[in-house]
Amino acid sequence: MRRYLEEKKSYVETILKRYLDELKYPEVIAEGMRYSVLNGGKRIRPILLLMVLELYDKDLNLGKSLAAAIEFIHSYSLVHDDLPALDNDDYRRGKLTTHKKYGEAEAILIGDSLLTHAFFIATKSVEGVSSEKLIKIISLIAEYSGIFGMIGGQMVDIESEGREVSYEKLKYIHKNKTGKLIKLSVEIGAILSEATDEEYSSLQSYAENIGLAFQIKDDILDIEGDFERIGKVVGSDLELKKTTYPSIFGLEKSKEILNQTLEDAKRSLRIFPKEKVKIFNELADYIGMREN
C-alpha cells in the first residue's frame, strides 16, 4: 500500500506543481500558495479520486485537474485552520505554518487564493467531461467545502471548544470538517466513471466511513503521537478543551470504534468483485495503522 500511495502521490504532486508554476504575481501569494500546497501531506483525497477512476478502468488524466482542485481546497482549509483566530498552530507537518512564515494577513489571502483558484483549475483540462457532469461536480465542490460541509463542521468545532458536546454533535463535526472532502473525492470519481446508483451509494458509504475513521485516528494520535511523526504539537485538542472520541469514550474504546468503522467501510464495497476493491481495503487498513 505504501508503494502505491507514493506512486500516486508523485503523480498528484507533478500536477500540483504544474498549476502552481503558472502563478507568478503577486509574489508573496504565489510563493505562499506553493509553500502551503507542497508542504508535505499524504494526498489521500486526490488519490481516492484516482482510485475510483482505476476501479472503472478510466484514464487518470480525466480527473487530474479536479484532483488538484481538491488538494488546493484542502490546503486552504489547513492554512485558515492554523490561524491565531482558530487553532493558533505554529507547525504543520513539521514546518512553520503559513501565517508564521508569511504573516497573518498574508496567510488569510493565501488561503482565499487557494480556495478560489481551485474552482478555476477545476474547469481546466476536462476533455471528455460533459458540461452536465462538470456543473454537477462544481456544485458538489461548493456544497461540500462550504456551509453544508467543511466550513459548517469547522464552525461547530470552534463553538464546541471548552465545553462538552454530545456524541451526535461530535459526529457532525467529523462528518463535515474532515469527512466531506474525502467523500467529495470519491463522489467526483464516481461521477466521472458513470457509476450506477447502487455503485455510487456503495462508494459514498465507503467514503463516509473512511472519513470518520481518519478523524478518529487523528484524535488518537493527538494523545499517542509525537511531534517527529505527526509534524505538529501533540495534545492540542486537550489544550483547546475539544471534545474528541477519546474524551468521550476513552482511548481503548476509541480504538475499537476506529476498527469497527474501518470494517464498515470495507463491507460497503461488497457489491464489487473483491479483487477490484483490494486497494480500497488496503487503504482502510493503512488509515488504521498510520502514525502521522
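Conventions used here
- The written sequence of each chain sets the order in which its residues are numbered from 1.
- Per-residue local features of the predicted model are confined to residues with pLDDT of at least 70, and side-chain atom pairs are confined, for both listing and counting, to 80 or more; whole-chain, interface and lining totals are unaffected and use all residues.
- Excluded from the side-chain calculation are hydrogens and water; included are all heavy atoms of the structure.
- Counting from the N terminus, the helices are DSSP H or I runs at least four residues long and the strands are E runs at least two residues long.
- Radius of gyration: C-alpha atoms only; globule rule: 2.2 Å multiplied by the number of residues to the exponent 0.38.
- The buried label goes to any residue with under 20% of its type's maximum accessible area, the exposed label to any with over 50%, and the partly exposed label to all in between, with areas taken from a 1.4 Å probe on protein chains only.
- In this analysis, two residues are considered to be in contact whenever any of their non-hydrogen atoms come within 4.5 Å of each other.
- Between N-to-C directions, angles span 0 to 180 degrees; the directions come from axes that are lines fitted to C-alpha atoms, helices contributing only their stretch in contact.
- Roughly parallel covers angles under 35 degrees, roughly antiparallel covers those over 145, roughly perpendicular covers 65 to 115, and oblique covers all other angles.
- Residues are sorted three ways: Asp, Glu, Lys and Arg are charged, Ala, Val, Leu, Ile, Met, Phe, Trp, Tyr, Cys and Pro are nonpolar, and all the rest, Gly among them, are polar.
- Every helix has an expected span of 1.5 Å times one less than the residues it contains.
- Nonpolar core, defined: a set of buried Ala, Val, Leu, Ile, Met, Phe, Trp, Tyr and Cys residues in which side-chain atoms within 4.5 Å join the residues together.
- Working definition: rings of Phe, Tyr and Trp (its six-membered ring) pair if their centres are within 6.5 Å, and the pair is stacked with planes under 30 degrees apart, edge-to-face with planes over 60 apart, and tilted otherwise.
- Here, a charge over a ring means that NZ of Lys or CZ of Arg falls within 6 Å of the ring centre while also lying within 35 degrees of the ring normal.
- Salt bridges are defined by distance alone: a side-chain nitrogen of Lys or Arg within 4 Å of a carboxyl oxygen of Asp or Glu.

Once that is clear, we can look at the overall build of the protein chain. The number of helices and strands found in the protein chain is 15 helices and two strands. The C-alpha radius of gyration of the protein chain comes to 18 Å, within 12% of the 19 Å expected for a compact globule of 292 residues. C-alpha extents for the protein chain along the principal axes are approximately 50 × 50 × 35 Å. Relative to its 292 residues, the protein chain shows a buried fraction of 54%.

Before going further, it helps to spend a moment on the environment of Asp81. Structurally, Asp81 can be placed in helix α4 (residues 64–81). Using a relative accessible area of 8% as the deciding quantity, one classes Asp81 as buried. For the pair Asp81 and Ser145, spaced 64 residues apart in the sequence, the C-alpha separation amounts to 14 Å. For Asp81, the residues in contact, after removing those within four places along its chain, are Leu86, Asp87, Asn88, Arg92, Gln154 and Lys177.

Here the focus is the packing of helix α1 (residues 2–21) against helix α2 (residues 27–37). Contact pair α1 / α2: the axes reach a minimum separation of 10 Å and the direction vectors enclose 170°. When the interaxial angle is binned, α1 and α2 end up roughly antiparallel. From α1, Leu16, Lys17, Leu20 and Asp21 reach across to α2, where they touch Met33, Arg34 and Val37. Here the contact of α1 with α2 is built from residues that sort into four nonpolar, no polar and three charged.

A few words now on helix α6 (residues 104–122). Look at α6: 27 Å from first C-alpha to last across 19 residues, which is about the 27 Å you get at 1.5 Å a residue. Among the residues of α6, Ala107, Ile110, Gly111, Leu114, His117, Ala118, Ile121 and Ala122 are the ones counted as buried. In this fold, the buried residues of α6 make contact with α1, α2, α4, α5 (98–102) and α7 (131–145).

A few words now on the nonpolar core. Counting 81 residues, the largest nonpolar core has Phe72, Ile188, Leu192, Leu203, Phe280 and Leu283 as the members making the most contacts within it. Looking at this core element by element, the count peaks at 10 residues for helix α10 (residues 197–224). Those residues in contact with Phe280, other than ones at most four positions away along the chain, are Met51, Val52, Leu55, Leu203, Tyr206 and Leu269.

Here the focus is helix α14 (residues 251–267). Because each turn of an α-helix spans 3.6 residues, side chains separated by three or four positions end up pointing in the same direction. In a regular helix each residue adds 1.5 Å, so 17 residues correspond to 24 Å; α14 covers 25 Å between its end C-alpha atoms and thus fits that length. Summarising the contacts, the buried residues of α14 are in contact with α10, α13 (245–249) and α15 (278–289).

All told, the structure shown has six aromatic pairs when counted by the stated rule. Centroid distance Tyr35 to Tyr102: 5.6 Å. Interplanar angle 75°. Geometry classified as edge-to-face. Placement of Tyr35 in helix α2 and of Tyr102 in helix α5 is noted, with a sequence separation of 67 residues between them. What makes Tyr35 buried here is its relative accessible area of 17%. The buried category is assigned to Tyr102, whose relative accessible area is 14%. Counting every residue linked through ring pairs, the aromatic cluster contains Tyr167, Tyr245 and Phe249. The ring of Tyr19 is capped by Arg18, whose NZ or CZ atom sits 5.1 Å from the centre of that ring. Of note, Arg45 hangs over the ring of Phe214, and the distance from its end group to the ring centre comes to 5.8 Å.

With that settled, the discussion passes to the side chain of Arg92. Here Arg92 is to be found in strand β1 (residues 91–92). The exposure class of Arg92 is buried, given its relative accessible area of 15%.

Counted under the stated rule, the structure contains 20 salt bridges. Of the charged contacts, one joins Glu187 and Lys183 as a salt bridge, the two residues approaching to 3.8 Å between their closest N and O atoms. Of this pair, Glu187 and Lys183 both sit in helix α9 (residues 167–192), separated by four residues, roughly a single helical turn. Lys183 shares its class with Glu187; the two are buried. One network of salt bridges, with partners in common, ties together Glu13, Arg43 and Glu71.

Within the fold, Lys133 resides in helix α7. For Lys133, a relative accessible area of 18% gives the class buried. Those residues in contact with Lys133, other than ones at most four positions away along the chain, are Ile191, Leu192 and Glu194.

What follows concerns the packing of helix α3 (residues 44–55) against α15. Their axes nearest at 11 Å, the elements α3 and α15 cross at an angle of 160°. Classified by the interaxial angle, the pair formed by α3 and α15 is roughly antiparallel. Together, Ile44, Leu48, Met51, Val52 and Leu55 of α3 and Ile279, Phe280, Leu283 and Tyr286 of α15 make up the contact between the two elements. A breakdown of the residues in the contact of α3 with α15 according to their chemical character gives nine nonpolar, no polar and no charged.

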